[in-house]
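# Structural description and commentary
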Amino acid sequence: MDLEETAKGGSLLVYILAGLVIVYIVAGDLPGLGSRYRKLPQAPVVGARFSFEPRWVTRYRFYSSGWDIIAKGNETVPSGLFTVVRPESNITIIPRKYVDELANLTDDRLASNEAIVNVGVADMMGPYTGATILLKRYLGHHAVNTKLTPQLHMLVEHIQEELEITASEDPLNITEEWSEHRLSPYIYRLMARITSRLFLGVPICRDKKWLQLQLDLVMAIFQTILLMRNYPRFTHPLLGAVIPARKRLNKCMEELHEFLEPLIEERMAIDAKYNSRGQMTSDKYEKPNDVMQWMMDIATDEEYTPDNLANRFVYTIMGSIRSVVEVVMNCLYELVERPEYIEPIREEMRQVLAEDGGWGKRSASRMLKTDSFIKEISRHYPPSALAFRRITKQKIVLHDGLVLPKDTYVCIATTSLAQDDVPDPHEFDGFRYFNERMSHKVGASRYDYASTDSTHIGFGHGRNACPGRFAASLESKMLLAHIILQFDIKLPPSRVTRPKSVKMMDFKIQDSTATIMMRKRKE
Ligand code: HEM
């Protein structure tokens, strides 16, 4: 096709898209064309500038101001029950008092995976990103929950090994003089490496092409999701075919399959040879101790194909890298604004590691001040204003008579700090959970960063809560220690406060372009 033809094709596409958008705007709120999921009559819509504002304007405002709209709902609707509207879905925000009775409902009553795939992280555009595979079964969830978490303490040395190797190969060139550094890309590289070690083992976790591919794929998935979500659903088939992010995503997916399928086939051949398919251990050979192998061991026949396993793998690894980087960067940015926390945390790390002779199986769980600080960071800097995303699959009647009809998308607002069951909830107190734990020796584990409840909801809560939260807690502590035991950190002279997070829809993302001052510690 020559350039002229391409240009003609391009303008035709623009006309078609513009036409479709106009139909959508005129049609406004017509069911099926626009929003999914119900609105409750008792839950007022928040986010309109005036009462007669066309609903589609309010829906699109979510892109620029989603976070603030949700926070406004918390401030202005005393019952805590309100609706926010996005172009493709209505979201019912419910107060935290309902979380406990909803937390353990089965998926045929209250679905968590459908919420993640259809509307959750950002309407994952399942048919265009491959995320629909998550709807079929919680294979990754089970592998992380039943295999990774119980063995985490044994895997500490693997994480430490990868941190040390990466640091030696990928030095930050930080000297004993203060200099300014952008730390976020480095933490991403460390986290990609650690995660690959736990999920796929050696040698692939050290393959630079693989590590870059992993990060590129995650980026392409998020860009596809974010771009497509700006347009009405009926334009998606067309958009999905033309946008560059989707093309990049497809290319990354192809390359990912080229990496993973031979590895999976090799493992399948060994399982076939020793007749060890479905067994967790074999007396004939040493089975790899990683998430991919555990997924293979518990896969059904339908799931046990290289293609299916590789696709599922993407969505098991995807959330785990970015979310931990967000927490660690938020901790570091907060520490440079509140340097009074640095020395007590560093001292605790030094003491535990000295007593354990380095990272031992239980070292991370003994770092209680660090744990408390990370938990308080998660309370103040949740990655999204929405948590505990669920879709009702049947009518649910709550304890006070509130009815959630079938097909309601319910969420808890993380911006509702006032509903947190802690003293002075709006204050940042990095050691609040440490102090609470010290004064309540019984049941102290409920103060852990990795334990969830209706006020600590960032990992979800109940039967579908994040299975990787124990790994996230361990990894965050090891990454933080990796930085603050080696380096002094402080704000650059040009700043008086920490780098601000960037708001996008309901998300708040750490500023990955920001810099901090660093110097190598002398001791
Ligand atoms: C600070 C870091 C993390 C945060 C904030 C986080 C948060 C979440 C949330 C909110 C969910 C949905 C839970 C629900 O529906 O109630 C989830 C699911 C999940 N998380 Fe995490 N997560 C983190 C780290 C990790 C890590 C490190 C891993 C893996 C080692 C992991 C693996 C998973 C898996 C497998 C699921 C289930 C997805 C599915 O439906 O298949 N997460 N996470």
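Note that the structure is a prediction, hence the values are computed from the model and not measured. (Residues numbered from 1 in each chain as written. Predicted model: local features only at pLDDT ≥ 70, side-chain atom pairs only at ≥ 80, totals over all residues. Heavy atoms only, no water.)

## A short note on the coordination of the iron atom of the ligand
- With respect to protein ligation, the iron atom of the ligand binds only Cys466 (SG), at 2.3 Å.
- Checked against the element boundaries, cysteine 466 lands in the loop between helix 16 (432-439) and helix 17 (469-484). (Donors = N, O, S within 2.8 Å, 3.2 Å for Na, K, Ca; no water. Helix = DSSP H or I, 4+ residues; strand = E, 2+ residues; numbered from the N terminus.)

## Details of the packing of helix 15 (residues 368-380) against helix 16
- Running from N to C, helix 15 and helix 16 cross one another at 125 degrees; their axes reach a closest spacing of 7 Å. It follows that helix 15 is oblique to helix 16 by the angle criterion. Across the interface between the two elements, Leu368, Lys369, Asp371, Ser372, Lys375, Glu376 and Arg379 of helix 15 pack against Arg432, Tyr433, Phe434, Arg437 and Met438 of helix 16.
- When its residues are assigned to classes, the contact of helix 15 with helix 16 shows 4 nonpolar, 1 polar and 7 charged. (Axes fitted to C-alpha atoms, helices over the stretch in contact; angles between N-to-C directions. Parallel < 35°, antiparallel > 145°, perpendicular 65-115°, else oblique. Contact = heavy atoms within 4.5 Å. Nonpolar A, V, L, I, M, F, W, Y, C, P; charged D, E, K, R; others polar.)

## Digging into the site of the ligand
- Contacts to the ligand come from 25 residues, most closely from Ser320, Ser323, Arg390, Asn464 and Cys466.
- One of the side-chain N or O atoms of arginine 390 is found 2.8 Å from an oxygen atom in the ligand.
- Residue contributions to the shell around the ligand peak at 5 residues, all from helix 13 (residues 306-337).
- Each residue belonging to the shell around the ligand can be placed in one class, and the counts come to 14 nonpolar, 9 polar and 2 charged. (Near = heavy atom within 4 Å. Polar contact = N/O pair within 3.5 Å; in protein donor to acceptor, adjacent residues only side chain to side chain.)

## Considerations on the side chain of serine 476
- Inspection of the secondary structure puts serine 476 in helix 17.
- The class of serine 476 is buried, set by a relative accessible area of 1%.
- Excluding anything up to four places from it in sequence, serine 476 contacts Val324, Val327, Val328, Ile374 and Tyr449. (Buried < 20%, exposed > 50% of the residue type's maximum accessible area, 1.4 Å probe, protein only.)

## A word on the sheet that holds strand 8 (residues 409-413)
- Read across the sheet, 5 strands follow the order 1-2-8-5-3 without closing on themselves; strand pairing throughout is mixed. Each edge of the open sheet is held by one strand with a lone partner, namely strand 1 (82-86) and strand 3 (110-111).
- Of the strand pairs in this sheet, strand 2 (residues 89-93) and strand 8 are connected by 2 bridges, and their pairing is parallel. Along strand 8, the bridge assignment pairs isoleucine 93 with cysteine 411.
- Packing against the sheet, helix 2 (residues 55-76) makes contact with strand 1, strand 2, strand 5 (386-392) and strand 8, and its axis sits at approximately 140 degrees to strand 1. (Pairing = 2+ DSSP bridges.)

## Here's the deal with the sheet that holds strand 4 (residues 179-181)
- Taken together, the 3 strands give an open sheet; going across it, the order is 4-12-9, and neighbouring strands pair in antiparallel fashion. This sheet does not close on itself; its edge strands, each paired only once, are strand 4 and strand 9 (487-490). Pairs of neighbouring strands in the sheet enclose a mean axial angle of 40 degrees, with direction left out of account.
- Judged from the 4 bridges that link them, strand 9 and strand 12 (residues 516-520) form a sheet pairing that is antiparallel. Paired with isoleucine 489 across the strands is methionine 518, a residue of strand 12.

## Details of the UniProt feature "binding site: heme" (unreviewed entry) in the protein
- Summarizing the sequence annotation, UniProt attributes the feature "binding site: heme" (unreviewed entry) to Cys466 in the numbering used throughout.
- By relative accessible area, cysteine 466 is classed as partly exposed at 29%. (UniProt positions renumbered as here; feature names shortened; annotations may be inferred.)

## Overview of the packing of aromatic side chains
- Throughout the structure, instances matching the rule amount to 12 aromatic pairs.
- Measuring from ring centre to ring centre gives 6.0 Å for tyrosine 37 and tyrosine 409, while their planes differ by 55 degrees; the resulting arrangement is tilted. Of this pair, tyrosine 37 sits in the loop between helix 1 (3-27) and helix 2 while tyrosine 409 is found in strand 8, placing the two residues 372 residues apart along the sequence.
- Feature note: the residues Tyr341, Phe373, Phe428, Phe431 and Phe434 constitute an aromatic cluster, connected by ring pairs. (Phe/Tyr/Trp six-rings, centres within 6.5 Å; stacked < 30°, edge-to-face > 60°.)

## Quick notes on the nonpolar core
- In terms of nonpolar packing, the biggest core is built from 97 residues, with Leu183, Leu260, Leu309, Leu332, Ile483 and Ile489 touching the most fellow members.
- The leading source of residues in this core is helix 13, at 18 residues.
- The contact partners of leucine 332, leaving out residues within four places of it in the chain, are Leu183, Ile187, Leu480, Ile483, Ile484 and Ile489. (Core = buried A, V, L, I, M, F, W, Y, C linked by side-chain atoms within 4.5 Å.)

## Remarks on helix 15
- An ideal rise of 1.5 Å per residue puts 18 Å on 13 residues; helix 15 measures up with 18 Å between its terminal C-alpha atoms.
- Counting buried positions along helix 15 yields 11 of 13 residues, so the element is predominantly enclosed.
- Buried residues of helix 15: Thr370, Asp371, Ser372, Phe373, Ile374, Lys375, Glu376, Ile377, Ser378, Arg379 and His380, and no others.
- Looking at the packing, one finds that the buried side of helix 15 touches helix 13, helix 14 (342-356), helix 16 and helix 17. (Expected span 1.5 Å × (residues − 1).)

## As for the pairing of strand 1
- Where burial is concerned, most of strand 1 is hidden: 5 out of the 5 residues are buried.
- Residue alternation in strand 1 divides its side chains into two sets, Phe82, Val84 and Arg86 and Thr83 and Val85, and both sets are buried.
- The hairpin formed by strand 1 and strand 2 contains 2 residues between the paired strands.

## Looking at empty space enclosed by the protein
- Applying the stated criterion across every chain yields a total of 3 cavities of 30 Å³ or more.
- Put simply, the second largest cavity is a space of about 50 Å³.
- Lining the second largest cavity are Trp210, Gln214, Leu217, Val218, Leu256, Phe313, Val314 and Ile317.
- Within the residue set of the lining of the second largest cavity, elements represented by two or more residues are helix 9 (208-228) and helix 13. (1 Å grid on protein atoms, 1.4 Å probe; cavity = no way out; pocket = protein on both sides within 12 Å on 5 of 7 lines; lining within 4 Å. Points joined across faces, edges and corners; volume = space filled by probe spheres on them.)

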